[in-house]
Amino acid sequence: MFLIGILATACLFPLSRRLYPRHGQKITDRVTLTWHKTLCRLLNIHISLSGQPMDTPGLWVANHISWLD
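Per chain, residues are indexed from 1 in the order of the written sequence. Owing to the predicted nature of the model, reporting of local features is limited to residues with pLDDT of at least 70; listing and counting of side-chain atom pairs is limited to 80 or more, with chain, interface and lining totals taken over all residues. To obtain the side-chain values, all non-hydrogen atoms of the structure were used and water was disregarded.

Asker: Just checking my understanding: could you explain the overall build of the chain for this structure?
Answerer: Strands here are runs of E lasting at least two residues and helices are runs of H or I lasting at least four, both read from the DSSP assignment and numbered beginning at the N terminus. Within the chain one finds two helices and zero strands. Methods summary: accessible areas were calculated by the Shrake-Rupley approach with a probe of 1.4 Å, and residue burial reflects only the protein chains presented. Element-wise, carbon and sulfur atoms account for 64% of the exposed surface of the chain, whose accessible area totals about 6,700 Å².

Asker: Where do I start with unusual backbone geometry in this structure?
Answerer: Across residues other than glycine, the phi torsion is negative in most instances, and most of the peptide bonds are trans. One non-glycine residue, Asn 44, adopts positive backbone phi at about 60°. Tracing the sequence through the fold places Asn 44 in the segment after helix 2 (24–42). On the basis of relative accessibility, which here comes to 58%, the residue Asn 44 falls in the exposed class. To sort residues, take the accessible area from a 1.4 Å probe on protein chains only and compare it with the maximum for the residue type: under 20% means buried, over 50% means exposed, and anything in between is partly exposed.

The values are spatial; any link to function lies outside them.
This is how it looks when you write it as structure tokens:
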């Protein structure tokens with residue numbers, strides 16, 4: 001699984017941006033999202049979000065509570 005991620009990063013990302021200049025970023029974003037979702041599923045990681053996005057500039061602080069952080 002990790003080998004697939006390394007190959008995608010090394011080959012697919014630069015290639016997609018050259019071949020599809022208008023949609024290359026969308027392709028790499030989709031591949032990245034799929035990669036992260038798959039890893040989370042394989043590692044049995046559940047992500048939960050709480051709160052609302054701020055309307056004004058602010059500082060985001062992460063609460064590190066596990067070895068995974």
